[in-house]
Amino acid sequence: TGVQTCALPIFSEIGMLKSVHSLVNAFARPVAGAPIKIIGATRAAMIGLALMAVLDSLIPFQTIVYGFGILLAAIGLIRAIVLVGNTVELASVDERRISRGMASGLFSSAQDIGMLSSPAMCGALASVIGLTTMMTIVPVASAGMFFLAVLWQHRRAQQLTTAPIS
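Asks: How should I be thinking about the side chain of His 21 in this particular structure?
Replies: Among the structural elements, His 21 can be located in helix H1 (residues 2-28). Once residues within four sequence positions are removed from consideration, His 21 is found in contact with Leu 72, Ile 75, Gly 76 and Arg 79.

This is the structure:
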């Protein structure tokens, strides 16, 4: 019983923090089209990813639950914009190259794989280099790898469109 009374406030705070993130994310999605309409879906997703990486790297430096809540609310808002931007991009897939259903399925599978593997890999990494170091490095490194992949794909697409037809 002593353990239950000690653990209850911790679980309540964790639940509240997770709820803030999820609620902001859910309620922001219907209005996330506004920034996408202004700057475009791809640009909104790219800028959002960079902002999420910066905000994620600030997580270890939060010392009060309210600061953590505000940070998670901001991450939820930006995540909503990124997800809506990605959905808009999926809707504009060139069906001559891949069906929208296949593209959507691949996108969803990649999200699920990330949700499964990220905690395990980050937990293993944190056990080696420490939680604060991991939480500071991983978001920035992940965004960097993503942008390198996007750059590689963009260059590859340019090469394919400018290649001489034989």
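That covers the picture; the talk isn't over yet.
Asks: What exactly am I supposed to notice about a nonpolar patch on the surface here?
Replies: Among the surface-exposed residues, Ile 38, Ile 39, Ile 47 and Leu 51 lie close enough to one another that they form a single nonpolar patch of about 370 Å² accessible area. Put simply, the parts of the chain that give the nonpolar patch at least two residues each are helix H2 (33-39) and helix H3 (41-57). By the secondary structure assignment, Leu 51 is in helix H3.

Asks: I keep staring at the nonpolar core and nothing clicks. Help me out?
Replies: Core analysis: the biggest nonpolar cluster contains nine residues, these being Leu 17, Met 52, Leu 55, Ile 59, Leu 71, Leu 72, Ile 75, Ile 78 and Val 82. For this core, the secondary structure elements donating two or more residues are H3 and helix H4 (65-91). Once you skip the residues sitting within four places of it in the chain, Met 52 turns out to touch Ile 78, Arg 79 and Val 82. Of all hydrophobic cores here, the second largest spans six residues; its members include Ala 32, Ile 36, Ala 41 and Val 84.

Asks: Which parts of the structure should I look at to understand the environment of Trp 152?
Replies: For Trp 152, the location among the structural elements is in helix H6 (residues 131-162). Since its relative accessible area comes to 55%, Trp 152 is described here as exposed. Residues Trp 152 and Ala 126, spaced 26 residues apart in sequence, show a C-alpha to C-alpha distance of 29 Å.

Rules used throughout
Residues numbered from 1 in each chain as written. Predicted model: local features only at pLDDT ≥ 70, side-chain atom pairs only at ≥ 80, totals over all residues. Heavy atoms only, no water. Helix = DSSP H or I, 4+ residues; strand = E, 2+ residues; numbered from the N terminus. Contact = heavy atoms within 4.5 Å. Patch = residues over 30% accessible without salt bridge, like charges linked within 9 Å, V, L, I, M, F, W, Y side chains within 5 Å. Areas by Shrake-Rupley, 256 points an atom, 1.4 Å probe, with all protein chains shown as cover. Salt bridge = Lys/Arg side-chain N within 4 Å of Asp/Glu carboxyl O. Core = buried A, V, L, I, M, F, W, Y, C linked by side-chain atoms within 4.5 Å. Buried < 20%, exposed > 50% of the residue type's maximum accessible area, 1.4 Å probe, protein only.

Honestly, it's all geometry; don't read function into it.
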